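Here's the letter readout for the chains.
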Amino acid sequence: MERDLLKILISTEDIQKKVKELGETISRDYQGQNLLVVGILKGSVIFMGDLIRAIKIPVQIDFMEVSSYGRSTESSGAVRILKDLESNIEGKNILIVEDIIDTGLTLSYLLDMLKARKPGSIRICTLLNKPSRRKASLKVDYDGYDIPDEFVVGYGLDYGELYRNLPFVGVLKPEIYARCGEDTTPSK
Ligand code: XMP
């Protein structure tokens, strides 16, 4: 699997350090308060598992799944709720956990939807952020890494549903996209 990579962008050790820091900051910020951590499936699942263990206050967790990317690497722009929250979020402090924020369109849609349910507060935590690609304005409260405009895989992020189980974040070789039937190397 690692042979398919052009390069490693963020190592396992660096991710671990960053997750620990984020967990400490979040624990401090929410000390003495309720917190519902909401993971956005499927990409956030690895980050979410590590992050909640780095948060040292009691938290509840829940998940949502929305359609964004399929096998293709470009967003269709269409956002569909595939799995909704099980919890009632009214009055609760919500922390949305994302693997990556790219254009921000998916999260912006989600935020509007969740705000209508009247949470006490709502913040965003992402491991990776591509600010150069932003189309929707978003305040990212907890930002792991700002990365360049490259399509990345690993640590939960996929290409064609593969590579999520790489323990680091990397960039695929262009020939992998060609093999999977993409016309061009994806930019993002
Ligand atoms: P937007 O553009 O709405 O998209 O912020 C967010 C979702 O797009 C996916 N995405 C990626 N997935 N490598 C991936 O594996 C990438 O470089 C990448 N960029 C965006 C991802 O599902 C994210 O939640």
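Predicted, not measured: the structure shown is a model, and the values here were computed from it.

Calculation notes
- Residues numbered from 1 in each chain as written.
- Predicted model: local features only at pLDDT ≥ 70, side-chain atom pairs only at ≥ 80, totals over all residues.
- Heavy atoms only, no water.
- Helix = DSSP H or I, 4+ residues; strand = E, 2+ residues; numbered from the N terminus.
- Buried < 20%, exposed > 50% of the residue type's maximum accessible area, 1.4 Å probe, protein only.
- Contact = heavy atoms within 4.5 Å.
- Areas by Shrake-Rupley, 256 points an atom, 1.4 Å probe, with all protein chains shown as cover.
- Core = buried A, V, L, I, M, F, W, Y, C linked by side-chain atoms within 4.5 Å.
- Lys, Arg positive; Asp, Glu negative; His and termini not counted.
- Salt bridge = Lys/Arg side-chain N within 4 Å of Asp/Glu carboxyl O.
- Axes fitted to C-alpha atoms, helices over the stretch in contact; angles between N-to-C directions.
- Parallel < 35°, antiparallel > 145°, perpendicular 65-115°, else oblique.
- Left-handed = near helix turned anticlockwise from the far one by under 90°.
- Nonpolar A, V, L, I, M, F, W, Y, C, P; charged D, E, K, R; others polar.
- Pairing = 2+ DSSP bridges.

**What to know about the overall build of the protein**
So, step 1. Across its full length, the protein holds four helices and nine strands.
So, step 2. For the protein, the proportion of its 188 residues judged to be buried stands at 46%.
So, step 3. Intrachain contacts of the protein at a sequence separation of at least 6 include 68% that bridge at least 24 residues.
So, step 4. For the protein, the accessible surface area stands at approximately 9300 Å², while carbon and sulfur atoms represent 49% of it.

**Quick look at the nonpolar core**
Nonpolar side chains in soluble globular proteins generally cluster together in the buried interior.
So, step 1. The biggest cluster of nonpolar side chains holds 28 residues, and the ones touching the most others in it are Ile 26, Phe 47, Leu 51, Leu 95, Cys 125, Leu 128 and Val 152.
So, step 2. Excluding residues within four positions of it along the chain, Leu 51 makes contact with Val 19, Leu 22, Gly 23, Ile 26, Val 97 and Cys 125.

**A look at the side chain of Asp 99**
So, step 1. When you line up the elements, Asp 99 lands in strand E5 (residues 93-101).
So, step 2. One buried charge, Asp 99, has no salt-bridge partner; the nearest side chain with opposite charge is Arg 164, at 5.5 Å.
So, step 3. If near-sequence neighbours (up to four positions away) are discounted, Asp 99 is found in contact with Gly 43, Ser 44, Thr 126, Leu 127, Leu 128 and Leu 157.

**Topic: unusual backbone geometry**
So, step 1. Backbone torsion omega between Leu 41 and Lys 42 reads -5°, so that peptide bond is classified as cis.
So, step 2. Looking at the element boundaries, Lys 42 is found in the loop between strand E2 (36-41) and helix H2 (45-54).
So, step 3. At Lys 118, a position not held by glycine, the phi torsion is positive, near 60°.
So, step 4. A positive phi angle, close to 70°, is found at Glu 161, a residue other than glycine.
So, step 5. Turning to its location among the elements, Glu 161 is positioned in the loop between strand E8 (152-153) and strand E9 (169-172).

**Points about the packing of helix H1 (residues 12-29) against H2**
So, step 1. Close contact between H1 and H2 brings their axes to 8 Å; oriented N to C, the two are set at 50°. Looking at the two axes, H1 sits oblique to H2. Crossing of H1 against H2: the hand is right-handed. Across the interface between the two elements, Val 19, Lys 20, Leu 22, Gly 23, Glu 24, Ile 26 and Ser 27 from H1 touch Phe 47, Asp 50, Leu 51 and Ala 54 from H2.
So, step 2. Class assignment for the residues of the contact of H1 with H2 results in six nonpolar, two polar and three charged.

**Things to note about the pairing of E9**
So, step 1. By the bridge criterion, four bridges tie strand E1 (residues 5-10) to E9 in an arrangement that is antiparallel. By the bridge assignment for E9, Ile 10 is matched with Val 169.
So, step 2. Relative to E9, E8 runs antiparallel, the two sharing two bridges. Its bridge partner lying in E9, Val 153 is registered against Gly 170.

The values are spatial; any link to function lies outside them.
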